[in-house]
Amino acid sequence: MSQKPVEVAQRELEAQPKQPVARELTRSGPVFRPDVDIVEMPEEYRVYADMPGSDGEHVQIRLEDGVLSIDGALALEPGAGWVPLHREYRLGGWHREFQLSDRIAADRISAEMRDGVLEIHLPKAEAHRPRRIEVQTG
Amino acid sequence: MAWVGFSSPSGATPGDLFERLRRELDTLVDQFAVQQPRATSGVEPPLALYESDDAYVLTAELPGLKKEDLELSVEGPRVTLRGERRIQLPADPKLSVHRRERRAGVFRRTVELPAPVDAEKVEALYRNGVLTLRLPKQAQHRPRRIEVQTH
């Protein structure tokens, strides 16, 4: 079985554990970069972000100057009497930003959080939806 | 090389002190080693283990999991998480994928706890994409408080 070097590199990149984000927030504490899937459909974009530990009340989504930013904070801290013995992941918030290429109907953005996965619907503004142009034949 | 000029008020020899230093360094190295991020296959959940007086607490980051796709088993000190993460994107024929970073697939992780736990009393909670298992220690492994008698 052979694998292209490009694919291997991509895999290594994806296997990286939580990536800290270099951005100053008012709240102190580490912030990580959530893994996302982004898809485009004729009517809308959809973003899915894995943000375990956050719930809907601790998530903020903003669209400003074409930049979509997602922030999530931990909903629950570990219990006070818990002494850590082993830790493979760090606790902290989530943050990521995307520059959107199309115009988005900002007033119709919706989002839901389910089991640590944030799903954002970004409907395209009317003028930017693909239109089918009929070619007239004479 | 001689240990000239090296003394300690407690009367410990340089050998003792170095032994203590070595042990402390080992502890320090261990502490840092476990906090090192672990390269996972992307679908294997990262875990954290905590201890309280009467229980171990094992947590796992498992976003977007269906309850029926997770199987837990406890046997003596051994805890196994097994499951499958499924990712379903919209079934739109005109869908184009811009990014695909999340990983779907089958995972299995086994953790050996420092002491056996009471398998009957294990509690599992799945919330906000984090699984939390509370694993009560068996009675004989709990710390006991010993009263000091005074006369």
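Everything numeric in this text was worked out from a predicted model, so none of it was measured.

> What is the right way to read the confidence of the model for chain B from this model?
A low pLDDT means the predicted coordinates there should not be read in detail. Residue and element names in this part refer to chain B. The predicted model of chain B averages 82 in pLDDT, with 80% of residues at 70 or higher. Every residue in residues 1-9 scores below 50 in pLDDT, and together they form 3 contacts with partners more than four places removed in sequence or on other chains. Taken together, the stretch residues 32-40 has pLDDT below 50 and engages in 13 contacts with residues farther than four places along the chain or on a different chain. Across the interfaces of the predicted complex, the ipTM metric reaches 0.75, alongside a pTM of 0.72.

> Mind showing me how you'd approach the environment of M41 of chain A here?
Take M41 of chain A: it is sitting in the loop between β3 (36-40) and β4 (44-50). You can call M41 of chain A partly exposed: it has 17 C-beta atoms within 10 Å. Distance from M41 of chain A to P123 of chain A, taken between C-alpha atoms, is 9.3 Å for residues 82 residues apart in sequence. Contact partners of M41 of chain A, with chain neighbours within four places excluded, come to P90, D92, K94 and L95 of chain B.

> In this structure, what is going on with the nonpolar core? I would like to understand it.
Soluble globular proteins tend to pack their nonpolar side chains together in the buried interior. Counting residues in hydrophobic clusters, the biggest one holds 20 residues, and the most contacted among them are L49, Y56, V57, L58, A60, L133 and L135 of chain B. Within the residue set of this core, elements represented by two or more residues are β1 (47-51), β2 (55-61), β4 (78-85) and β8 (130-136) of chain B. Those residues within four positions of L58 of chain B in sequence are excluded, and the remaining contacts are L47, L49, V79, V111, L133 and L135 of chain B. Of all hydrophobic cores here, the second largest spans 18 residues; its members include V31, Y48, V59 and L118 of chain A.

> Explanation requested: the pairing of strand β5 (residues 59-64) of chain A in the structure shown.
Each regular strand shows side chains that alternate between the opposite faces of the sheet. Residues and elements named next belong to chain A. With 6 bridges connecting them, β5 and strand β6 (residues 67-72) associate as antiparallel partners. Within β6, the position partnered with V59 by the bridge is G72. Count of turn residues in the β5/β6 antiparallel hairpin: 2 residues, of which D65 carries a positive phi of about 50°.

> In this structure, what is going on with the sheet that holds strand β7 (residues 123-127) of chain B? I would like to understand it.
In sheet architecture, strand pairing relies on hydrogen bonds along the backbone and comes in two forms, parallel and antiparallel. Pairing within the open sheet is antiparallel, and its 5 strands lie in the order β7(A)-β1(B)-β2(B)-β8(B)-β7(B). Across the chains shown, the open sheet's two edge strands, defined by having one partner strand only, are β7 (83-87) of chain A together with β7 of chain B. For this sheet, the mean inter-axis angle between neighbouring strands, taken without regard to orientation, is 20°. Of the strand pairs in this sheet, β7 of chain B and β8 of chain B are connected by 5 bridges, and their pairing is antiparallel. Note on β8 of chain B: the bridge partner recorded for E123 of chain B is R134 of chain B.

> Quick question: what am I supposed to make of the environment of T80 of chain B here?
One can find T80 of chain B in strand β4. The sequence separation of T80 of chain B and R109 of chain B amounts to 29 residues, and the corresponding C-alpha distance is 5.7 Å.

> I tried to follow the sheet that holds β4 of chain A on my own but got confused; where do I start?
Spatially, the 5 strands line up as an open sheet ordered β9(A)-β10(A)-β4(A)-β3(A)-β5(B), and their pairing is antiparallel. Looking at the sheet topology across the chains shown, the edges are occupied by β9 (110-114) of chain A together with β5 (96-100) of chain B. Here the strands of the sheet are splayed against their neighbours by 15° on average, with no regard to which way each runs. In the sheet, β3 of chain A pairs with β4 of chain A via 5 bridges, with the strands oriented antiparallel. Bridging across to β4 of chain A, E40 of chain A finds its partner in Y45 of chain A.

So, how was this worked out
- Residues numbered from 1 in each chain as written.
- Chains lettered and ligands numbered in written order.
- Predicted model: local features only at pLDDT ≥ 70, side-chain atom pairs only at ≥ 80, totals over all residues.
- pLDDT = per-residue confidence, 0-100.
- Contact = placed C-beta atoms within 7 Å.
- Helix = DSSP H or I, 4+ residues; strand = E, 2+ residues; numbered from the N terminus.
- Buried ≥ 20, exposed ≤ 12 C-beta atoms within 10 Å, placed from the backbone.
- Core = buried A, V, L, I, M, F, W, Y, C linked by C-beta atoms within 7 Å.
- Pairing = 2+ DSSP bridges.
- Axes fitted to C-alpha atoms, helices over the stretch in contact; angles between N-to-C directions.

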